[in-house]
Amino acid sequence: MAESNSSQSLKQQSKHQILLLVLCGLPASGKTTLANRLPGVLSTSDVSLCTLVVTYDSVLDPEVEEQMISDMKQHGLESETSSWKAFRKGLVDCVDTLISNLAADGGFTVDRDDFDNSYCQKLVEKLSGIDFRDKDVVIIIDDNMYYRSMRYEYFKLARKHCVCFCEVHVKCTVDESLSRNSQRDAPVPADVICKMAEKFEPPDGESNHWENFSLVIDSLSTDQNLISVINLIEEALQKPVKTPDAESIAREAEISRKATTLNVFHQCDIHLRGLISERVGRMKKLGRSKRELADAAKCLNSARQELLQKIHVGEVSIPGHVIEEFVNAPNSEDPCSLRLFIEHVFNDYQF
């Protein structure tokens, strides 16, 4: 059988490894179908490999999932108030502890007492009775993971524990996602799926070195798709993520700092332009002449440039907690602290 033949070469691994395989894609794209099919393919008798599937939906009680969907619809996809965000973080912590357990002292054990998260307790119950000794372990993370930053959390775990990492994007159209989702017992709101599709950030190995081991497949779980996924797993298992040395860490931190500074500065400019547009719009509603509107816009834009310059040279300092919130939720649709800070400073600016 094609599936068995393609997985035979996995047995050539001489050192037992742990691989984090992150699946991403729109709701109902076929991620869980793939995740459920892989264990049977990878656990053939001639391959010393064990597969653990962490499907976000499966560790949620139906009533809890219903409440989370309600929260997501009310507060938005990535709102700080959304219970989904806390849930995702809890599962990342769970997988972190799971990897630590599996890699402890070169053996493979799962201690239920190490998991204090109720969702994780439910996950660990599924692992009871599985013999991890003398086996490579593939941990499949099955969720939408529409933001690259969500997937990056798992890459950081791979780097922290020096284990392997790869991604598979199960791709489908929005219409296909909406159609299949509508047939579910607890469907995701259609508007949420549409927003997710707009915001979706697919794996990009060319722009992000940590996404080198990534693959895009269509939503139909064909034998050829399975062969491609197996080949990706085989390749990724040969190259654990290395913990960077001090020089690399410092260089990455500096690049990240410069990128953050640039993004924050750019966002400040966007907020200022929006404030100017709002202010001129109010003046227009009050019946001001075109000349008055033009003079006001010129004055306000001059103030915008001066304020941006002061931010750039540090004369106006953005509070650390404001920058931290922006970094953690750059795409939040809620009024953010950065906009409120800029609005406060601009309103108090002396024209």
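Rules and cut-offs
- Residues numbered from 1 in each chain as written.
- Predicted model: local features only at pLDDT ≥ 70, side-chain atom pairs only at ≥ 80, totals over all residues.
- Heavy atoms only, no water.
- Buried < 20%, exposed > 50% of the residue type's maximum accessible area, 1.4 Å probe, protein only.
- Helix = DSSP H or I, 4+ residues; strand = E, 2+ residues; numbered from the N terminus.
- Pairing = 2+ DSSP bridges.
- Phe/Tyr/Trp six-rings, centres within 6.5 Å; stacked < 30°, edge-to-face > 60°.
- Core = buried A, V, L, I, M, F, W, Y, C linked by side-chain atoms within 4.5 Å.
- Contact = heavy atoms within 4.5 Å.
- Axes fitted to C-alpha atoms, helices over the stretch in contact; angles between N-to-C directions.
- Parallel < 35°, antiparallel > 145°, perpendicular 65-115°, else oblique.
- Left-handed = near helix turned anticlockwise from the far one by under 90°.
- Nonpolar A, V, L, I, M, F, W, Y, C, P; charged D, E, K, R; others polar.
- Salt bridge = Lys/Arg side-chain N within 4 Å of Asp/Glu carboxyl O.
- pLDDT = per-residue confidence, 0-100.

Looking at this model, I keep getting lost on the pairing of strand β5 (residues 214-218). Mind explaining?
It is a general feature of regular strands that their side chains alternate between the two faces of the sheet. Residues Leu215 and Ile217 point to one face of β5 and are all buried, whereas Ser214, Val216 and Asp218, pointing to the other face, are not buried. Inspection of the sheet shows strand β4 (residues 164-171) paired to β5 by five bridges, in the parallel sense. If you follow His169 over to β5, its bridge partner there is Val216.

I keep staring at the packing of aromatic side chains and nothing clicks. Help me out?
For any pair of aromatic rings, the description consists of the separation of the ring centres together with the inter-plane angle of the planes. Applying the stated criterion across every chain, the model contains six aromatic pairs. Aromatic side chains Phe155 and Trp210 sit 5.5 Å apart centroid to centroid with 40° between the ring planes, which places their arrangement in the tilted category. Within this pair, whereas Phe155 is found in helix α6 (residues 148-161), its partner Trp210 is found in the loop between α8 (190-199) and β5, the two being separated by 55 residues in sequence. Accessibility classification places Phe155 together with Trp210 in one group, the buried group. Both rings, one in Phe165 and one in Trp210, keep their centres 6.1 Å apart while their planes meet at 50°; by these two values the pair is tilted. Placement of the pair is Phe165 in strand β4 and Trp210 in the loop between α8 and β5, with a sequence separation of 45 residues. Across the pair, exposure class does not vary: Phe165 and Trp210 are buried alike. Members of the aromatic cluster, connected to one another through ring pairs, are Tyr152, Phe155, Phe165 and Trp210.

Looking at this structure, how should I read the nonpolar core?
Within soluble globular proteins, side chains that are nonpolar generally end up buried alongside one another. Grouped together as the largest cluster of nonpolar side chains are 38 residues, with contacts concentrated most on Leu20, Ile139, Ile141, Met145, Tyr154 and Phe165. Those elements giving two or more residues to this core turn out to be β1 (18-24), β2 (49-55), α4 (83-103), β3 (136-142), α6 and α8. Those residues in contact with Leu20 that lie beyond four places of it in its chain are Val95, Ile99, Ile139, Ile141, Tyr154, Leu157, Ala158, Cys164, Phe165 and Cys166. Judged by nonpolar contacts, the second largest core, of 25 residues, contains Leu19, Leu21, Leu49 and Ile140.

Quick question: what am I supposed to make of the sheet that holds β3 here?
As a general point, the strands of a sheet are linked pairwise by backbone hydrogen bonds and lie either parallel or antiparallel. Taken in spatial order, the five strands of this open sheet run β2-β3-β1-β4-β5, and their pairing is parallel. Two strands close off the open sheet at either side, each with one partner strand: β2 and β5. Between one strand and the next, the sheet's axes are offset by a mean angle of 20°, whatever the strand orientation. Strand contacts of helix α2 (residues 31-42): β1, β2, β3, β4 and β5, with the helix running at about 165° to β2, the strand carrying the most contacts. Strands β1, β2, β3, β4 and β5 of the sheet are contacted by helix α9 (residues 223-237), whose axis makes an angle of about 160° with β4.

Sorry if this is basic, but what is going on with the packing of α2 against α9 here?
Two quantities define a packed helix pair, namely the angle between the axes and the distance from one axis to the other. At a minimum axis separation of 11 Å, α2 and α9 run at an interaxial angle of 70°. One finds that α2 runs roughly perpendicular with respect to α9. The chirality of how α2 crosses α9 is right-handed. Contacts between α2 and α9 involve Leu34, Arg37, Leu38, Val41 and Leu42 on the former and, on the latter, Asp223, Leu226, Val229, Ile230 and Ile233. For the contact of α2 with α9, the per-class residue count stands at eight nonpolar, no polar and two charged.

Mind showing me how you'd approach the side chain of Thr51 here?
Tracing the backbone shows Thr51 in strand β2. By relative accessible area, which is 13% here, Thr51 ends up buried. Sequence-distant contacts of Thr51, that is, excluding residues within four places in its chain, are made with Pro39, Leu42, Val138 and Ile140.

Whenever I open this one, the pattern of salt bridges confuses me. Can you help?
If charged atoms from side chains of opposite charge come close, those side chains can pair. Summed over the entire model, instances satisfying the criterion amount to eleven salt bridges. The closest approach of N and O atoms between Arg148 and Glu201, which form a salt bridge, is 4.0 Å. Of this pair, Arg148 sits in helix α6 while Glu201 sits in the loop between α8 and β5, placing them 53 residues apart in sequence. A salt bridge links Arg339 to Glu278; the shortest N-O distance between them is 3.1 Å. With Arg339 in helix α13 (residues 337-347) and Glu278 in helix α10 (residues 246-285), this pair connects stretches of sequence that are 61 residues apart. Taking relative accessible area as the criterion, Arg339 reaches 22% and is therefore assigned partly exposed. One connected set of salt bridges, linked through shared partners, spans Arg148, Arg151, Glu167, Glu201 and Glu211.

It is not clear to me how the confidence of the model for the chain should be interpreted in this structure. Could you clarify?
Low pLDDT means the predicted coordinates in that region are not meant to be read closely. Per-residue pLDDT for the chain has a mean of 78; in total, 69% of the residues score no lower than 70. Low pLDDT, under 50, characterises residues 1-14; the stretch is placed with 29 contacts to residues that sit more than four places away or in other chains.

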